[in-house]
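# Residue-level structure breakdown
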Amino acid sequence: MPTDAPILEIDNLSRRFGGLQAVDDCSFSIQEGMLAALIGPNGAGKTTLVNLVAGALSPNSGHVRFGGLDITGWSPHRIAARGLVRTFQISREWAQLTVLENLLVAAPDQRGEGIWNAIVRPSVGRAQDRELVAQALDSLDAFGLYAMRNEYAATLSGGQKRLLELARAVMARPRLLLLDEPMAGVNPALTDQLAGHIEQLRRGGITFLLVEHNLEFVEKSCDHVVVMALGRTLATGVMGDLRRNPEVIGAYLGGESVASAAG
Amino acid sequence: MSAVVFYIATIVNYFFIYNILAWGLNIQFGYAGILDFTYITFMATGAYIAGVTSLGRQQPGTGVVYILGWHLPFPIPILLGGLAAAALGLVIGLVAINRLRSDYLAIVTLSVGIILYSLVGNFTNLFDGFNGLVGVPEPLNGQVHLGVNTYTVFYIAVAGFFMAILWVVAHRLLRSPLGRTMRAIREDVDVAEAFGKNTFRIRLWAMVIGSFFAGIGGALLIGFIGAFSPDGWSTQETFIIWAILLIGGRGNLWGSVLGSFLVIALLSEATRYLPSIPNNAFLEPALRNIVIGAGLIVVLRFRPRGILPERKATFAEVRAPAPPRESARLEPGHAD
Ligand SMILES: Nc1ncnc2c1ncn2[C@@H]1O[C@H](COP(=O)(O)OP(=O)(O)O)[C@@H](O)[C@H]1O
Ligand SMILES: [Mg+2]
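Residues numbered from 1 in each chain as written. Chains lettered and ligands numbered in written order. Predicted model: local features only at pLDDT ≥ 70, side-chain atom pairs only at ≥ 80, totals over all residues. Heavy atoms only, no water.

Another point: the overall build of chain B. Across its full length, chain B carries 13 helices and zero strands. Secondary structure elements of chain B, listed N to C terminal, follow the sequence α-α-α-α-α-α-α-α-α-α-α-α-α. What you see for chain B is a C-alpha radius of gyration of 22 Å, in line with the 20 Å of a compact globule of 336 residues. Counting only C-alpha atoms, chain B reaches 95 × 40 × 40 Å along its principal axes. For chain B, with 336 residues in total, the buried portion stands at 51%. Long-range pairs, those at least 24 residues apart, make up 78% of the contacts in chain B with a sequence separation of at least 6. Total accessible area on chain B stands at roughly 15000 Å², and carbon and sulfur atoms take up 68% of it. Of the charged side chains in chain B, 22 are positive and 17 negative, and the gap between their average positions amounts to 5 Å. (Helix = DSSP H or I, 4+ residues; strand = E, 2+ residues; numbered from the N terminus. Rg over C-alpha atoms; globule rule 2.2 N^0.38 Å. Buried < 20%, exposed > 50% of the residue type's maximum accessible area, 1.4 Å probe, protein only. Contact = heavy atoms within 4.5 Å. Areas by Shrake-Rupley, 256 points an atom, 1.4 Å probe, with all protein chains shown as cover. Lys, Arg positive; Asp, Glu negative; His and termini not counted. Charge placed at Lys NZ, Arg CZ, Asp CG, Glu CD.)

Residue and element names in this part refer to chain B. Here chain B averages 87 in pLDDT, while 90% of its residues score no lower than 70. Contacts for the low-pLDDT stretch residues 326–336, under 50 throughout, to residues beyond four places or in other chains number 18 contacts. Here the complex is predicted with pTM 0.91, and the ipTM for its interfaces comes to 0.93. (pLDDT = per-residue confidence, 0-100.)

For the rest of this paragraph, the subject is the site of ligand 1. Residue and element names in this part refer to chain A. Surveying the vicinity of ligand 1 reveals the residues Phe17, Leu20, Ala22, Pro41, Asn42, Gly43, Ala44, Gly45, Lys46, Thr47 and Thr48. Interatomic distance of 3.2 Å between a backbone N/O atom of alanine 44 and an oxygen atom of ligand 1. In the model, an oxygen atom of ligand 1 is placed 2.8 Å from a nitrogen or oxygen of the lysine 46 main chain. Partitioned by chemical class, the residues of the shell around ligand 1 number five nonpolar, five polar and one charged. (Near = heavy atom within 4 Å. Polar contact = N/O pair within 3.5 Å; in protein donor to acceptor, adjacent residues only side chain to side chain. Nonpolar A, V, L, I, M, F, W, Y, C, P; charged D, E, K, R; others polar.)

Residue B:Pro75 follows B:Phe74 across a cis peptide bond; omega there is 0°. By the element assignment, B:Pro75 lies in the loop between α2 (39–54) and α3 (76–96). Despite not being glycine, A:Asp109 shows a phi value in the positive range, around 50°. Note on placement: A:Asp109 falls in the loop between α3 (99–106) and α4 (115–119). A positive phi is found at A:Leu230, a non-glycine position, where the angle reads about 50°. Overall, the relative accessible area of 73% leaves A:Leu230 in the exposed class.

Okay, the sheet that holds strand β6 (residues 84–86) of chain A next. Residues and elements named next belong to chain A. As summarised here, the arrangement of the six strands in space is β6-β7-β8-β3-β9-β10, forming an open sheet in which the pairing is mixed. Every interior strand has two partners, whereas the edge strands, β6 and β10 (232–237), have only one. Within this sheet the neighbouring strands show an average axis-to-axis angle of 15°, counted without direction. Note: β6 against strand β7 (residues 176–180), three bridges, orientation parallel. Residue valine 85 lies in a different strand from β7, and its bridge partner there is leucine 177. Sheet strands in contact with helix α1 (residues 46–54) are β3 (35–39), β6, β7, β8 (207–211) and β9 (224–229), and its direction is about 145° off that of β6. Against the sheet, helix α6 (residues 158–171) contacts β6 and β7, and its axis sits at roughly 160° relative to β7. (Pairing = 2+ DSSP bridges. Axes fitted to C-alpha atoms, helices over the stretch in contact; angles between N-to-C directions.)

Side chains of B:Val4, B:Tyr7, B:Ile8 and B:Tyr273 sit close together on the surface and give an oily, nonpolar patch of about 410 Å² of accessible area. Mapped onto the fold, B:Ile8 is located in helix α1 (residues 3–31). (Patch = residues over 30% accessible without salt bridge, like charges linked within 9 Å, V, L, I, M, F, W, Y side chains within 5 Å. Salt bridge = Lys/Arg side-chain N within 4 Å of Asp/Glu carboxyl O.)

In this section: the coordination of the magnesium ion (ligand 2). All names here are of chain A. Coordination sphere of the magnesium ion (ligand 2), protein contribution only: Thr47 (OG1) and Gln89 (OE1), at 2.0 to 2.3 Å. On the criterion of sequence distance, the pair formed by threonine 47 in helix α1 and glutamine 89 in the loop between β6 and α3 is long-range, its members being 42 residues apart. Threonine 47 gets classed as partly exposed once you look at its relative accessible area, which sits at 28%. Overall, glutamine 89 belongs to the partly exposed group, its relative accessible area being 30%. (Donors = N, O, S within 2.8 Å, 3.2 Å for Na, K, Ca; no water.)

Residue and element names in this part refer to chain A. Taken across its five residues, β8 has five buried, putting it largely inside the fold. The alternating pattern of β8 places Thr207, Leu209 and Val211 on one face and Phe208 and Leu210 on the opposite face, and all of these are buried. Note that β3 and β8 share four bridges and pair parallel. Of the residues in β8, the one forming a bridge with alanine 36 is leucine 209.

On to the environment of A:Leu132. All names here are of chain A. The topology assignment puts leucine 132 in helix α5 (residues 122–142). Separated by 68 residues in the primary sequence, leucine 132 and glutamine 200 have C-alpha atoms spaced 21 Å apart. Ignoring anything within four residues of it in the chain, the contact list for leucine 132 reads Leu104, Ala107, Gln110 and Met171.

All right, on to the domain arrangement of chain B then. Residues and elements named next belong to chain B. For chain B, the domain assignment lists domain 1 (3–233) and domain 2 (234–313). Each of domain 1 and domain 2 has a C-alpha centre, and the two are 19 Å apart. At the interface, 35 residues of domain 1 touch 25 residues of domain 2. Summed over both partners, the interface of domain 1 with domain 2 comes to about 2600 Å²; 68% of that surface belongs to carbon and sulfur atoms. Contact with domain 2 buries area across many residues of domain 1, yet Phe15, Tyr18 and Asn26 alone supply 21% of it, more than any other trio. (Domains from an automatic or database assignment. Buried area = accessible area lost by both parts, 1.4 Å probe.)

Contacts between the two partners involve 45 residues from chain B and, on the opposite side, 54 residues from chain A. Joining chain B to chain A, the criterion identifies six salt bridges. Residues A:Glu101 and B:Arg183 are paired through a salt bridge, measuring 3.0 Å at the closest nitrogen-oxygen approach. At the surface where chain B touches chain A, the tally comes to 17 residue pairs in polar contact (both at pLDDT 80 or more). Where the side of chain B that touches chain A is concerned, the elements lending two or more residues are α7 (148–175), α8 (177–187), α9 (189–194) and α10 (199–225) of chain B. When residues of the side of chain B that touches chain A are assigned to their parent elements, the largest contribution, eight residues, is made by α8(B). Partitioned by chemical class, the residues of the side of chain B that touches chain A number 20 nonpolar, six polar and 19 charged.

This brings us to the pattern of salt bridges. Residues and elements named next belong to chain A. Under the defined criterion, the tally for this structure stands at 19 salt bridges over all chains. Put simply, arginine 202 and aspartate 223 hold a salt bridge, and the shortest N to O gap is 2.1 Å. With a gap of 21 residues between them, arginine 202 in helix α7 (residues 188–203) and aspartate 223 in the loop between α8 (215–221) and β9 connect regions that are remote in the sequence. Since its relative accessible area comes to 32%, aspartate 223 is described here as partly exposed.

What follows is the structure, encoded as structure tokens:
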């Protein structure tokens, strides 16, 4: 359940690409335990914002705080190691690693990643791997990918890659998961499956901020919505109220899509 | 000892040394995806440093000029050669391994290699310039006192000793979580970074370890030949090791062994037996490169990932007893 201190605070964040102000003085915050959505028309700056928060891009101005810590300008791996894990708008599996290996790599704090343990004391890595393999197989089982565990990730279907992205992100034991369009381009059955996984993980204690175009899902499942347009935060609230917000309707939703998605 | 034995022993020595060289590049490129186009420079560093630390002080009047001249006993010069190459790998890696751009790395390594090449060639005080080092002591022959042919056979044990140790290192690295993460970095560095991996540091390790292998290989080479000059490490020599790696299969250590056997023991040797064309000294090395290049094209055409591609990693599955829940997992829990 949401507590008082926000887990993520975005403060007057801005980022330019040449003459284009992709993110423009954007501010909002996310409470711990939330399943929050970031919506807005194409080109609104959502992916850029995700990149700024995750450290893949650095802002021209503004601040990002995660768990009370100012992480502005940190490298992505430092941010991720703190428990802020992101996925990409287009699935980016490690293609020539097996599905199981994709999950194993994602696990944090691996002692076998130290050079000394890797070369001189291989048993250290093997021992931890036994636990990680068991954990990863359970997860693959839950995500319906168990049968594919020893296949190269490149051979998965588009929908399976979406599941792998989520399973892999969970393996990193995140506090906050930043998902960039996790349901883009998947069929309705898989959308429901992904929604079920996300809701279940949220009940397990992971906070979510997801960029999503599926407003039906956003309305049904998300308890906080941030609307972005032209790089700015246009409005925040719950989907039901935002549908009646004239600014939001004008910038993004449009009369027809409000009606159809609400119906 | 017959000439045939000597001849075969020579090839075996080269084969062993090129295994080490190919494994080093395999660690850099096959594991970690680092486009190192100056790999041969690390080999040369190992050769030169092993040379000048095993040679005694330079003799006035011989005209051969070099630094150090420490006259250290086996195996110290070989280890120093490896360490010097690793140190150079660290420096170049610090400059060139930018976590965003791999093509940038290729250009930087290529340029640095060419700069170092002309530096070593023109600063004759370092390693006697383009003439190179000669008369480098044969490792351990101060103790065993063997003739040329017998020593060549004996040297198989020296090269084989280092090869065995480095095999264990390369193999353990490949099978370790560190090697797995290196391969993930090779596949997609941004995603590895997004999963909390310090990709810069890990790629730096691959660079340093691979360079160490190159340095040991170079040190063994100068100990075997007794001489080394810039002719031995022109840019095209880097291409030979790349050919070995790609023909054999990146990410597979046995692939590198097969590759160096095919390239060094077969393709490269075979060109020696072509009828020689008088007044054309450049033809033999040129023919060698053409044959190797053709071999590479044929392999990549039919087996794009090499003759022995990277093997799939498998894991012992120790799981809780429940078998895969085929039906349950298609219906994840929905919110009420
Ligand atoms: N790396 C980049 N270089 C230049 N322009 C970019 C870059 N990334 C995004 N943009 C531009 O910034 C704007 C916001 O893009 P993006 O954040 O991807 O929007 P969204 O994810 O909301 O669709 C777009 O106009 C896009 O073209
Ligand atoms: Mg986007």
